[in-house]
Amino acid sequence: MWTGIQEEVTSEQNELPPADTASAAECKRLTTLLRLVPGAWALALYEDAAIQRRIIAQVRAAIAPLPLIEISLVEREPDPLAIVRCLELPADQDAPVVCFTGVGSALDRGLYSYLDLQRETLAQLPHRLLFWVTLHDLQALSRHAPNFYSRINGIFRFPGRSTTSPTASSGHSPLITTPQTERTWQRHRPYLTVEDEAHCRRRSSQQEQRINALINMAHPDPQSIADAWYDLGGLYEKAEPYRWSEAEAAYTQAARYYGVADLRTWQAEALVLAGEAARRGYAHTAALEYLQQAQTRYRQAGVKQGEAHVLLEIGKVQQFRDEVDAALRSYQAALTLYQAVGDRLGEANTLKAVGDVQRFRDEREAALRSYQAALEHYRAVRDRLGEANVLKAVGDVQQFRQEMDVALGSYAAALEHYRAVEDRLGEANVLKAVGNVQQFRGEMDAALHLYQQALGLYCAVGDRLGEANVLKAVGDVQQFRKEMDAALHSYQQALGLYRAVGARLGKANVLLALGDMRQFRGEVDAALCSYQQALGLYQVVDARLGEANVLAAWSGLLFAGDPAQSQTMLDQALALRQAIGDVYGMGADLYNHGLALINHERYPEALTYLQRARDCFASRNLDTDVQDTDKLIAQARAAIETADVGCKTQDGHP
């Protein structure tokens, strides 16, 4: 029997894609219009958020010194006239380009009416207006805001998808996220680009100096200071090893200054980012405090979509803390708000998060229903990456149900989507999952081959955390094949990478594996040392599943030498599993303890534990595990009956 494990899960690096010739020509046409025509209105048609960010950066550089002001309509009142009038216009400077993003999210919140009714007033202003729209948004504008649409000076098309995963589905973190963390909103300021770790350090230092200069000005501008802190937080996110606590502090300062500038929605967003950084740094209590503050601000501003995003983040923190009932309540509240504002992508991401909780609770049919609902939403909004993520999750459920052929079918479908959107990180994650199936089937050579393919992809995208996860899996295979020296080498490599990127959960997982290997080799003191280190790390990051796994393994180590302490640790492991709803883990621990009792010919005690294990497996319809347990129960009963007959014969009875 094996138990579940919490693994550090990788996300994708957010690099800007190279420009193609057609996009470059279209960008040149757009910048010419914006430079030469005061009061010009343009629509930029795009498919991919990364390409959108790249073009905005190129336009900003090309039109300088003409300023470009980027305004997101995702979490603010979609009133372009009021927004433009609030912008200060120096007498000696041409009117800026006002670049509106998040248009699609604002259409159903009144943007149609604003644009159509304000057309003549807007047309009298010298500001250049640039609206970023999808094809669906463009068609909707032409139908529902015909007066505005007829005034457009040009439509500029930037088709295609980048080689990175879309922001809406993959998240911004360059190296790590919680299992399937999809961020459903865009930063109002893009990440500062960095070429490598050395460049990241230099830019961080320069940004710190810039902040000091802004603060020490005679008349400090709180928004400029807030923006600088915000950008610094993004640089800390990209650092290696992780600088989550510094990112948290930077975003907290950004939130403070946005508050001073009375930019409430940006303040709320900065608080969300501070909470996200705190969560990734395992400061879960602080994370919840930041997120609750953000939720309050969004609610006061009446921004339902922002509140929904925060509830989704709160659920992720609760899910990691194994507070699954609370997480489900947060997800349900988020789902209600997403439905109210018609955000189908938000619904999809929340339904997938619900499915992840249900999968953890061994509620596999419910998980599959949630995943299917999420899949329908992803398909409706044509998010192939979202589809891929769900299909992989479905494969994980099927693998856990030991439906290996079906799981391989789901993984193959996920792999097709990842390759279609050129998401090499997703491809690597699926190859690793298929390798896990091969390992379960005992096809160790095939598993190692797939792990090597995954390792190559992780190296290619610079994902050291992914490399570490695969190296641990390689070590598991080598340990199973009794290649202990090779396994030790793989585990040590993984441990070094986990330390380099500051992934404490990954370190704990490897230390647990090292303890198991040393226990198998009879190195009791070394095994105890590994278990102690792993337990300490699991407790620090509040990973109660990992803590339970260590206690169960430690109990097995002490079974023969210190039965009382062994029993105490088993009881602690079972209590933790019960608290987090890990019914399968409870069954596995009870089964393993019952097996140990049989091996020591303590059959009546074994029968008690095995019956409890059977009840756990039966409650989750784990037929194969029930059958395996029934065999041991029959073995224990037969041994008890044989012993009873022997006693009667000894006493002179036939």
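Residues numbered from 1 in each chain as written. Predicted model: local features only at pLDDT ≥ 70, side-chain atom pairs only at ≥ 80, totals over all residues. Heavy atoms only, no water.

Asker: Explain the overall build of the protein here, please?
Answerer: Regarding its fold elements, the protein presents 31 helices and five strands. The buried share of the protein, taken over its 654 residues, is 56%. For the protein, the share of sequence-separated contacts (at least 6 apart) that also reach a separation of at least 24 residues comes to 69%. Surface exposure of the protein reaches about 27100 Å², of which carbon and sulfur atoms provide 50%. (Helix = DSSP H or I, 4+ residues; strand = E, 2+ residues; numbered from the N terminus. Buried < 20%, exposed > 50% of the residue type's maximum accessible area, 1.4 Å probe, protein only. Contact = heavy atoms within 4.5 Å. Areas by Shrake-Rupley, 256 points an atom, 1.4 Å probe, with all protein chains shown as cover.)

Asker: Can you walk me through the pattern of salt bridges in this structure?
Answerer: Opposite charge on two side chains permits them to pair, given that their charged atoms come into close proximity. Applying the stated criterion across every chain, the model contains 34 salt bridges. Of the charged contacts, one joins Lys352 and Asp356 as a salt bridge, the two residues approaching to 3.2 Å between their closest N and O atoms. Remark: Asp356 and Lys352 occur in helix α17 (residues 344-360); sequence separation between them is four residues, near one turn of the helix. The same class applies to Lys352 and to Asp356, which are both buried. Linking Arg401 and Glu365 is a salt bridge whose minimum nitrogen-to-oxygen distance equals 2.6 Å. Of this pair, Arg401 sits in the loop between α19 (384-400) and α20 (404-420) while Glu365 sits in helix α18 (residues 364-380), placing them 36 residues apart in sequence. Classification of Arg401 as partly exposed rests on a relative accessible area of 26%. In this structure Glu365 comes out as partly exposed when scored by relative accessible area, which is 45%. (Salt bridge = Lys/Arg side-chain N within 4 Å of Asp/Glu carboxyl O.)

Asker: Hey, could you run me through the packing of helix α11 (residues 222-238) against helix α12 (residues 244-260) in this one?
Answerer: When two helices pack together, you describe them by how their axes are tilted relative to each other and by the distance separating the axes. As a packed pair, α11 and α12 sit with axes 8 Å apart at the nearest point and diverge in direction by 165°. In this view, α11 runs roughly antiparallel relative to α12, as classed from their interaxial angle. Here α11 runs over α12; the crossing is left-handed. Across the interface between the two elements, Pro222, Gln223, Ile225, Ala226, Asp227, Trp229, Tyr230, Leu232, Gly233, Gly234, Tyr236 and Glu237 from α11 touch Trp244, Glu246, Ala247, Ala250, Tyr251, Gln253, Ala254, Tyr257, Tyr258 and Val260 from α12. Counted by class, the contact of α11 with α12 contains 15 nonpolar, four polar and three charged residues. (Axes fitted to C-alpha atoms, helices over the stretch in contact; angles between N-to-C directions. Parallel < 35°, antiparallel > 145°, perpendicular 65-115°, else oblique. Left-handed = near helix turned anticlockwise from the far one by under 90°. Nonpolar A, V, L, I, M, F, W, Y, C, P; charged D, E, K, R; others polar.)

Asker: Looking at this structure, how should I read the environment of Ala393?
Answerer: Tracing the chain through its elements places Ala393 in helix α19. Relative accessible area serves as the criterion here: at 2%, Ala393 is assigned to the buried category. Sequence-wise, Ala393 and Tyr371 are 22 residues apart; in three dimensions their C-alpha atoms are separated by 7.8 Å. Leaving out residues up to four positions away in the same chain, Ala393 has contacts with Lys352, Asp356, Arg359 and Tyr371.

Asker: For this particular structure, what's the right way to read the environment of Trp244?
Answerer: One can find Trp244 in helix α12. For Trp244, a relative accessible area of 7% translates into the label buried. Measuring from C-alpha to C-alpha, the distance between Trp244 and Tyr282 comes to 9.1 Å, with 38 residues separating the pair along the chain.

Asker: Help me understand the packing of aromatic side chains in this model?
Answerer: What describes a pair of aromatic rings is the distance from one ring centre to the other and the angle between the planes of the rings. Using the criterion set out here, one finds eleven aromatic pairs in the structure. A ring pair is formed by Tyr46 and Trp132, whose centres lie 5.7 Å apart and whose planes are at 75°; its orientation type is edge-to-face. Remark: Trp132 occurs in strand β4 (residues 128-133) and Tyr46 occurs in strand β1 (residues 41-46); sequence separation between them is 86 residues. Classification of Tyr46 as buried rests on a relative accessible area of 14%. Of the residues examined, Trp132 reaches a relative accessible area of 1% and is grouped as buried. Aromatic side chains Trp132 and Phe158 sit 5.7 Å apart centroid to centroid with 35° between the ring planes, which places their arrangement in the tilted category. With Trp132 in strand β4 and Phe158 in strand β5 (residues 154-158), this residue pair connects regions lying 26 residues apart in the sequence. (Phe/Tyr/Trp six-rings, centres within 6.5 Å; stacked < 30°, edge-to-face > 60°.)

Asker: Is there a simple way to explain the confidence of the model for the protein in this structure?
Answerer: In low-pLDDT segments, the atomic positions of the prediction should not be examined closely. Across the protein, the average pLDDT comes to 86, with 90% of residues at 70 or higher. Below a pLDDT of 50 lies the segment residues 10-19, which in the model reaches 50 contacts outside its immediate sequence neighbourhood of four places, other chains included. Long-range and interchain partners of residues 161-184, a stretch whose pLDDT sits below 50, account for 114 contacts in this model, where long-range means more than four residues apart. (pLDDT = per-residue confidence, 0-100.)

Asker: What is the right way to read helix α25 (residues 504-520) from this model?
Answerer: For an α-helix, 3.6 residues make a turn, and residues three or four places apart therefore share a direction. With 17 residues, α25 ought to run about 24 Å at 1.5 Å a step, and its terminal C-alpha atoms sit 24 Å apart, in line with that. The buried fraction of α25 is high, at 13 of 17 residues. (Expected span 1.5 Å × (residues − 1).)

Asker: Can you walk me through the sheet that holds β4 in this structure?
Answerer: Strands in a sheet are paired, the pairing made by backbone hydrogen bonds, and the direction either parallel or antiparallel. With parallel pairing, five strands are arranged side by side in an open sheet as β2-β3-β4-β1-β5. What marks the edges here is a single partner per strand, and that holds for β2 (68-72) and β5. Neighbour-to-neighbour, the strand axes of the sheet open up by a mean angle of 20°, direction not taken into account. Taken together, the five bridges between β2 and strand β3 (residues 97-101) define a ladder with parallel strand orientation. Note on β3: the bridge partner recorded for Ile69 is Val98. Contacts between helix α2 (residues 49-63) and the sheet are confined to β1, β2, β3, β4 and β5, with β2 contributing the most and set at about 155° to the helix. (Pairing = 2+ DSSP bridges.)

Asker: Help me understand the side chain of Glu307, please; the structure alone is not making it clear to me.
Answerer: Counting through the fold element by element, Glu307 comes out in helix α15 (residues 304-320). Taking relative accessible area as the criterion, Glu307 reaches 10% and is therefore assigned buried. For Glu307, the contacting residues outside a window of four places in its chain are Gln295, Tyr298, Arg299 and Leu337.

Asker: I tried to follow the pairing of β4 on my own but got confused; where do I start?
Answerer: Remember that side chains alternate between the two faces of the sheet whenever the strand is regular. Summarising burial for β4: six of the six residues are buried, a large majority. Across the two faces of β4 the burial is the same, with Arg128, Leu130 and Trp132 and Leu129, Phe131 and Val133 all buried. Note: β1 against β4, five bridges, orientation parallel. Within β4, the position partnered with Leu43 by the bridge is Phe131. The pairing of β3 with β4 spans four bridges and is classified as parallel. The partner of Val97 across the bridge, within β4, is Arg128.

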